[in-house]
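# Descriptive structure summary
Letter by letter, the chains look like this.
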Amino acid sequence: MADRIDYGKMLNPAQLDAVMAEEGPILVIAGAGSGKTRTLVYRVARLVESGVDPETILLLTFTRKASREMLDRAAALSDARCRFVSGGTFHSLALKVLRRYAEAVGYDNGFTILDRSDMEEVIHSLIPELQMPRTVQRFPKRGTLANILSKAANLQAPLEGFVLEEYGQFVEVASEIEELGRLYAAYKREHSLMDYDDLIILLERLLEENSEIRSELSRQYGHIMVDEYQDTNGIQAGIVKWLAHEHQNIMVVGDDSQSIYSFRGADYRNMLDFPSLFPKARIIKLEQNYRSTQPILALTNALMEQARERYTKCLFTTRSGGEKPRVINTRTEPGQALLITRHIKELTAHGRSLADMAVLFRAAYHSFELEAHLTREHIPYVKYGGFKFLESAHIKDFLAHMRVLVNRDEAMSWMRILRLVKNVGLGKTHAIIEWMKKENAAPGQVGAWPGAGKREQGLKELGKLLGDLSARDLAPEQAVERVMIYYLPMLKEKFDDYPRREKELEQLIPMARRYKKLRGFLDDLVLEPPASPADTAPMGKKAFLTLSTVHSAKGLEWPVVFIIWVMEGRLPSAMSYSNPLNLEEERRLMYVAATRAKDQLIITYPGEESGPAWASYQRRGTGLSSFIAALPTDLYLHGYADAWNRRPHLSAMKRKAGPGETERRKELPFARGEKVRHPAFGTGVVSRFVPDNKVEILFKKAGRKLLHLEYTTLEKA
DNA sequence: CATCACGCTGTTTTT
DNA sequence: CAGCGTGATG
């Protein structure tokens, strides 16, 4: 065991207070960079050191990675037993508990977890049951429906309230959406499915209604800590309330200024309501910032002073010196990417490591332009956030073959794998699923479907695969390899970029190796995203630049931070419906992004040339410009970048079409419908134009259909 | 069943 | 512009 820690030396008085407090409810209000993680780590170490059984400590964090890192740090600090602390997210805790007590909430314990795209698929398939008249024109898309239903679930409130405010365009169909929500709930029950929201809702219900189980869990987890409490919603607060109900040993840590998850019902007011849940709560504030230089902090403090509601603290730092943040109007969106690329090259030329730098943005696609530049300049980067590896079609197709073994009612996965079989479409898929249900057939018997003729040979092969997989109770790794043999030919037929997708599938093999049971493997894939390329890259060999959404950058820090800030006003929805922007949340996003920076902060924004919406937002005072305009000008250096680089093909596109002429890019060497030849793919027809000087070409023969190719690789046929 | 042309419409962030 | 739904065609 390591030497006893001298806590007084390692922590400031407020941190020490939080760490040494052993019993009772405590609310820690911790500003950005105030050593919040450090405090939690030391508290875990301290509890274990003082003889608390590590397994009875529950550390709830926002991601599983965060909890693992904290426990590793605690273990390194004092006692290896810290690794046995129960850590995870609300969702992973819920899964663990619900697998054990599924019957108590009316579920079979073999339920399957729906990830986001599964959820959308189910919802989508239920829309026809609404039997809406054709006159209903504007009905939300599947993704939007999932957003709405999920938020309703997380708020545990009827849709109307927030639909009116956030989805004003859909108020007329609110009752249909609610009906759809009921259909969706019934469907999940019937097929033993839970989505992310059900996990936490059912856990809360279980705790509330079943005092025996509640007591048992209370005894199991005698000390509870919650990180990022400002991002919890009402359900999660309820879980906390019930878990700590008996012993009251609960510490929650958070910062209301960093609440950026309102889209899933999170409410920073939970922070302030904590004392009413636990009347004996003590409040401890951490206000000293150890991360950023004074000029950066001055700007972020000023930013938050404009917040309509500000409950807590003002940060101070003892880090003097450092340069003022820079705010640069690049006049165009592509200009941001170019400016940042140049800046990064300059910094690396002066010896700065790429690992010291990060570029942050609100939405994953905001970095596309930048990624193109980085690739061209051979600057290695890792990207966090945005669309999930797991949600891409080939991964879902692949995993579906294993999901039907774990839960044979899982119609979603059956649909996927059956439709991959040649000459089986929607009709036969439904018939087969019906038949299997009626016969209560095992997955491997699918090949015996009486409707199968010569054309449906593929069904026999599918049956053989599923039979093999279930008969021999294979380890996850072998199951993955077996499915690979079956699925790879289909992959090659379905996707023309199959080499990339094949590589991604191969990543599943080492992941599967870590599990003994198929179900554990599949559960974790849904709840824990696979490691990023940076984690698997040979350490120390290469320094990577980090690109990340603000949401994924939470809790991290870098010496140099760039922020790409794009006006929402560009979006047509905001134009046509005049949806009010959530400026308060936008401000907190900016705050989270800016407080990641230790030494240097560079914010770029596309100036007034970025679109007509800009002017309209400026007029209404509801854009990024209004944040900037409101900040004291002595807190940052403002600059303009040259309008170097408008994309040539964009301006060409704007050329007005003459009479009788369809609008077309002037410099295009061919027209829609024209025949073209490609050296590798042969002859095809120009279908439509896509960005980056590419055309969509339809190839009838060469096996595959639509390819996006650059003009220069094509010639007229 | 599979494929294709065409018209309509509008955000994003994560467990 | 691009994803999605629809309806026509092989």
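Look up a bit, the structure's there.
Residues numbered from 1 in each chain as written. Chains lettered and ligands numbered in written order. Predicted model: local features only at pLDDT ≥ 70, side-chain atom pairs only at ≥ 80, totals over all residues. Heavy atoms only, no water.

## Considerations on the sheet that holds strand 14 (residues 545-549)
Taking strand neighbours across the sheet as the criterion, the seven strands line up as 13-14-12-15-16-11-17 in an open arrangement whose pairing is parallel. Only two strands of the sheet have a single partner each, and these edge strands are strand 13 (381-384) and strand 17 (637-640). Ignoring strand direction, the axes of neighbouring strands in this sheet form an average angle of 20 degrees. Pairing of strand 15 (residues 558-564) with strand 16 (residues 597-605) involves six bridges; the strand directions are parallel. Pairing of I563 across the sheet is with I603, part of strand 16. (Pairing = 2+ DSSP bridges. Helix = DSSP H or I, 4+ residues; strand = E, 2+ residues; numbered from the N terminus. Axes fitted to C-alpha atoms, helices over the stretch in contact; angles between N-to-C directions.)

## Focus: the pairing of strand 12 (residues 357-361)
Where burial is concerned, most of strand 12 is hidden: five out of the five residues are buried. Both faces of strand 12 are covered, namely the face carrying M357, V359 and F361 and the face carrying A358 and L360. Across four bridges, strand 12 lies against strand 15 in parallel orientation. By the bridge assignment for strand 15, V359 is matched with F562. With four bridges connecting them, strand 12 and strand 14 associate as parallel partners. From the neighbouring strand, L360 faces strand 14, where its bridge partner is S548. (Buried < 20%, exposed > 50% of the residue type's maximum accessible area, 1.4 Å probe, protein only.)

## Notes on the pattern of salt bridges
If you walk through the whole model with that rule in mind, you get 35 salt bridges. The partner of D118 in a salt bridge is R403, and the shortest N-O contact between them spans 3.1 Å. With D118 in helix 6 (residues 116-126) and R403 in helix 17 (residues 393-406), this pair connects stretches of sequence that are 285 residues apart. In this pair, the class of D118 matches that of R403, namely buried. Two residues, D198 and K188, come together in a salt bridge whose shortest N-O distance is 2.8 Å. Within this pair, whereas D198 is found in helix 10 (residues 196-209), its partner K188 is found in helix 9 (residues 174-190), the two being separated by 10 residues in sequence. For D198, a relative accessible area of 13% puts it in the buried group. On the accessibility criterion, K188 (6% relative accessible area) is buried. A single network of salt bridges, built from pairs that share partners, joins K36, D227, E228, D231 and K554. (Salt bridge = Lys/Arg side-chain N within 4 Å of Asp/Glu carboxyl O.)

## Remarks on the packing of aromatic side chains
According to the stated counting rule, one finds eight aromatic pairs in the structure shown. Judged by centre distance (5.5 Å) and plane angle (45 degrees), the ring pair of Y261 and F263 falls under tilted. Looking at F263, the relative accessible area reads 47%, which means it is partly exposed. Taken together, the ring pairs in this structure connect F62, Y261 and F263 into an aromatic cluster. One Lys or Arg, R99, reaches over the ring of F111 and ends 4.2 Å from the middle of that ring. The positively charged end of K554 is found above the aromatic ring belonging to F62, 6.0 Å away from the centroid. (Phe/Tyr/Trp six-rings, centres within 6.5 Å; stacked < 30°, edge-to-face > 60°. Lys NZ or Arg CZ within 6 Å of the ring centre and 35° of its normal.)

## Things to note about the packing of helix 18 (residues 411-419) against helix 20 (residues 457-471)
It is at 10 Å that the axes of helix 18 and helix 20 come closest, and there the two elements cross at 130 degrees. Between helix 18 and helix 20, the angle is such that the two are oblique. Residues W414, I417 and L418 of helix 18 touch helix 20, and the partners they reach there are L459, L462 and L466. When its residues are assigned to classes, the contact of helix 18 with helix 20 shows six nonpolar, no polar and no charged. (Parallel < 35°, antiparallel > 145°, perpendicular 65-115°, else oblique. Contact = heavy atoms within 4.5 Å. Nonpolar A, V, L, I, M, F, W, Y, C, P; charged D, E, K, R; others polar.)

## A few points about the side chain of H366
Tracing the sequence through the fold places H366 in the loop between strand 12 and helix 16 (368-376). With a relative accessible area of 10%, H366 lands in the buried category. Looking at H366, its side chain comes within polar contact range of the side chain of Y365, at 3.4 Å. When sequence neighbours within four positions are dropped, the list of residues in contact with H366 reads F361, I564 and V566. (Polar contact = N/O pair within 3.5 Å; in protein donor to acceptor, adjacent residues only side chain to side chain.)

## Here we look at empty space enclosed by the protein
Empty space among the atoms can be located by rolling a probe the size of a water molecule over them. Taken as a whole and assessed by the stated rule, the structure comprises five cavities of 30 Å³ or more. Estimates place the volume of the largest cavity at around 120 Å³. Lining the largest cavity are 15 residues, with D115, D118, K396, L399 and R403 sitting closest to its centre. For the lining of the largest cavity, the elements supplying multiple residues, two or more each, are helix 17, helix 18 and helix 24 (518-527). The leading source of residues in the lining of the largest cavity is helix 17, at five residues. Here the lining of the largest cavity is built from residues that sort into eight nonpolar, one polar and six charged. In this structure, the second largest cavity encloses a volume near 100 Å³. Lining of the second largest cavity is provided by L299, T300, L303, V327, M590, A594, I603, I628 and L631. Elements represented by at least two residues in the lining of the second largest cavity include exactly helix 14 (294-305) and helix 27 (583-594). For the lining of the second largest cavity, the leading source of residues is helix 14, giving three residues. (1 Å grid on protein atoms, 1.4 Å probe; cavity = no way out; pocket = protein on both sides within 12 Å on 5 of 7 lines; lining within 4 Å. Points joined across faces, edges and corners; volume = space filled by probe spheres on them.)

## Regarding the sheet that holds strand 6 (residues 223-226)
Pairing between sheet strands relies on hydrogen bonds along the backbone, with the strands arranged either parallel or antiparallel. Spatially, six strands are ordered 3-2-6-7-1-8 in an open sheet, and the strand pairing comes out parallel. Unpaired on one side and paired on the other, strand 3 (86-88) and strand 8 (282-286) mark the two borders of the sheet. Averaged over neighbouring strand pairs, the angle between their axes works out to 15 degrees when direction is ignored. Bridge count between strand 2 (residues 57-60) and strand 3: three bridges; the pairing is parallel. Among the inter-strand pairings, L59 is bridged to a residue of strand 3, identified as G87. Strand contacts of helix 3 (residues 36-49): strand 1 (26-30), strand 2, strand 6, strand 7 (250-254) and strand 8, with the helix running at about 170 degrees to strand 6, the strand carrying the most contacts.

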